Amino acid sequence: MDASSSVSKGSARTPGPRRGLNYKLRTSILPHIALLFFAVIFLFPFVWLFLTSLKTPDEIFELPPRIFPREFQWSNYSAAVEAIPFFRYMLNTFIICFINIIGQLFAAPLVAYSIARIPWKGRNIIFTIVVATMILPSQVQLIPQYIIFTELGWVNTIVPLTIGAFFGAPFFIFLLRQFLLGIPRELSEAAKIDGASELRIYVQIILPLLKPALATVALFSFIWSYVDFMGPLIYLNDSAKWTITVGLQGFQQDHGAQWEQLMAAATIMAVPMILLYFFAQKYFMQSGSALTGFK
């Protein structure tokens, strides 16, 4: 009797087909449906931008709105590229992005390493000040910075748009400092016992462990420089030095009624950002966890 009762209890614990289906529905199917729904919502503006770039002017303002054009107007892209020096603006933008990435990758890790790993008097106070500067709006700094750059003769050059990167952005310093705190100090101490200098420890031990965080710094630096509008608008007076954001604003002023060409230019501008997301999204995920030298 005891054996039969134990068998019946064991069979009761075994999940049946309906219970397994409900579990899979709650843990897999419904979450994926919700994620797909939100993905469609977030993707719809770009899809609408792309479809609008392929319409005629009459179809853009047609009521009720037409989602798909009657005939794809691929000529809008060639017309948009020819209306402004599009590729010159893109080249100017990529040059500024590249310089800012180099500056941030040079300065931000050094500052973060000194604050997180080297014991010196007042480092916590300095870190507090660095973090506090993130609260200060950029608009407050705009006028004094413009006066300084004017006195130095740097207006209408890319120097005001890139020089700040070589001093490290507070956000990147904060990000790297938090990442460094998760790396065991035993690695540095073992290297010091072997006679390694602080610079050698930084270059050969710390920097390789910082690759995910450095990739995140490079990605954010590229994004911020690529979409920056206020800086190039203020400091670049020569239209030949404009970035793509200012160039699109100039296109809108000169060709305001040609919305199909503006949408085509905006679509081309968005392509690098989309490709960057698809090929580098893993680094955003890796930077959220403290990777160490131990398995």
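Each value, and the rule that gives it
Residues numbered from 1 in each chain as written. Predicted model: local features only at pLDDT ≥ 70, side-chain atom pairs only at ≥ 80, totals over all residues. Heavy atoms only, no water. UniProt positions renumbered as here; feature names shortened; annotations may be inferred. Helix = DSSP H or I, 4+ residues; strand = E, 2+ residues; numbered from the N terminus. Buried < 20%, exposed > 50% of the residue type's maximum accessible area, 1.4 Å probe, protein only. Areas by Shrake-Rupley, 256 points an atom, 1.4 Å probe, with all protein chains shown as cover. Arc of directions from axis to C-beta. Phe/Tyr/Trp six-rings, centres within 6.5 Å; stacked < 30°, edge-to-face > 60°. Lys NZ or Arg CZ within 6 Å of the ring centre and 35° of its normal. pLDDT = per-residue confidence, 0-100. Contact = heavy atoms within 4.5 Å. Salt bridge = Lys/Arg side-chain N within 4 Å of Asp/Glu carboxyl O. 1 Å grid on protein atoms, 1.4 Å probe; cavity = no way out; pocket = protein on both sides within 12 Å on 5 of 7 lines; lining within 4 Å. Points joined across faces, edges and corners; volume = space filled by probe spheres on them. Nonpolar A, V, L, I, M, F, W, Y, C, P; charged D, E, K, R; others polar. Axes fitted to C-alpha atoms, helices over the stretch in contact; angles between N-to-C directions. Parallel < 35°, antiparallel > 145°, perpendicular 65-115°, else oblique. Core = buried A, V, L, I, M, F, W, Y, C linked by side-chain atoms within 4.5 Å.

The chain appears in an unreviewed UniProt entry as Carbohydrate ABC transporter permease from Marinicrinis lubricantis. UniProt annotates the chain under Subcellular location (unreviewed entry) with the comment "Cell membrane". Turning to the chain, the UniProt record has this under Sequence similarities (unreviewed entry): "Belongs to the binding-protein-dependent transport system permease family."

A.B. asks: Provide a residue-level description of the overall build of the chain, including the pertinent values.
C.D. replies: Within the chain one finds 15 helices and 0 strands. For the chain, the residues scored as buried account for 33% of the 295 residues in total. Approximately 18,400 Å² of the chain is accessible, and the part contributed by carbon and sulfur atoms is 69%.

A.B. asks: Kindly report on the UniProt feature "transmembrane region" (unreviewed entry) in the chain, identifying the contributing residues and their values.
C.D. replies: Look at the UniProt record and you will see "transmembrane region" (unreviewed entry) annotated at residues 29-51, 89-113, 125-148, 154-180, 201-227 and 262-280. Span residues 201-227 is 96% helix and 0% strand, its end C-alpha atoms 36 Å apart.

A.B. asks: An account of helix α4 (residues 75-83) is needed here, citing residue identities and associated values.
C.D. replies: Among the residues of α4, N76, Y77, A80 and V81 are the ones counted as buried. Taken around the axis of α4, the buried residues stretch over an arc of 130 degrees, which confines them to a single face.

A.B. asks: Report on the packing of aromatic side chains, specifying residues and quantitative values.
C.D. replies: Inspection of every chain in the model, using the stated rule, returns 20 aromatic pairs. Judged by centre distance (5.8 Å) and plane angle (25 degrees), the rings of Y146 and Y235 are stacked. On the criterion of sequence distance, the pair formed by Y146 in helix α7 (residues 138-152) and Y235 in helix α13 (residues 230-235) is long-range, its members being 89 residues apart. Among the aromatic side chains, those forming a connected cluster through ring pairs are F50, F72, W74 and Y77. One Lys or Arg, K55, reaches over the ring of W48 and ends 4.3 Å from the middle of that ring.

A.B. asks: I'd like a rundown of the confidence of the model for the chain, residues and numbers included.
C.D. replies: For the chain, per-residue confidence averages 84 on the pLDDT scale, and 87% of positions sit at 70 or higher. When pLDDT is averaged over each element of the chain, helix α8 (residues 159-162) comes out on top at 94 and helix α1 (residues 2-13) at the bottom at 50. Low confidence marks residues 289-295, where pLDDT is under 50. Its contacts with residues over four positions away, or in another chain, come to 14 contacts.

A.B. asks: Quick rundown of the pattern of salt bridges? Include the residues and the values.
C.D. replies: Applying the stated rule across the entire model yields 4 salt bridges. The residue E62 makes a salt bridge to R66 at a minimum N-O spacing of 3.5 Å. Here the residues in one salt-bridge network are E59, E62, R66 and R70, joined through shared partners.

A.B. asks: Which residues make up the side chain of T267, and what are the values?
C.D. replies: With respect to the secondary-structure elements, T267 resides in helix α15 (residues 259-286). Once residues within four sequence positions are removed from consideration, T267 is found in contact with F46, L49, F50, S53 and Y77.

A.B. asks: Which residues make up the layout of surface pockets, and what values do they have?
C.D. replies: Each pocket or cavity is described by its volume, and for the largest pocket that value is around 1,400 Å³. Taken together, 36 residues line the largest pocket, and the ones lying closest to its centre are S138, Q141, Q145, G164 and A169. Counting residues per element, the ones that place at least two in the lining of the largest pocket are α5 (86-117), α7, α8, α9 (170-181), α12 (211-227) and α13. Looking at which element gives the most residues to the lining of the largest pocket, the answer is α7, with 6 residues. Contributing to the lining of the second largest pocket are L43, F46, I274, Y277, F278 and Q281. Among the secondary structure elements, those contributing two or more residues to the lining of the second largest pocket are α2 (17-52) and α15. Counting residues per element, the lining of the second largest pocket draws most heavily on α15, which supplies 4 residues. For the lining of the second largest pocket, a count of residues per class yields 5 nonpolar, 1 polar and no charged.

A.B. asks: Please set out the packing of helix α11 (residues 198-209) against α12 residue by residue, giving values where relevant.
C.D. replies: Following both chains from N to C, one finds α11 and α12 inclined at 70 degrees, their axes separated by 5 Å at the closest point. Relative to α12, the element α11 lies roughly perpendicular. Residue-level inspection shows L207, P208 and L209 of α11 in contact with α12, the latter providing K211, P212 and L214.

A.B. asks: Tell me what's going on with the side chain of N76, and back it up with residues and numbers.
C.D. replies: Within the fold, N76 resides in helix α4. Apart from residues no more than four positions distant in its own chain, N76 is found in contact with S53, L54, K55, E260, Q261 and A264.

A.B. asks: Before we move on, could you go through the nonpolar core and cite the residues and values that matter?
C.D. replies: Y113, I173, L176, L180, I201, I206 and L210 are the most contacted members of the largest nonpolar core, which has 26 residues in total. Per element, the largest residue contribution to this core is 6 residues, and it comes from α9. With 22 residues, the next largest nonpolar core counts L54, V81, I84 and L248 among its residues.

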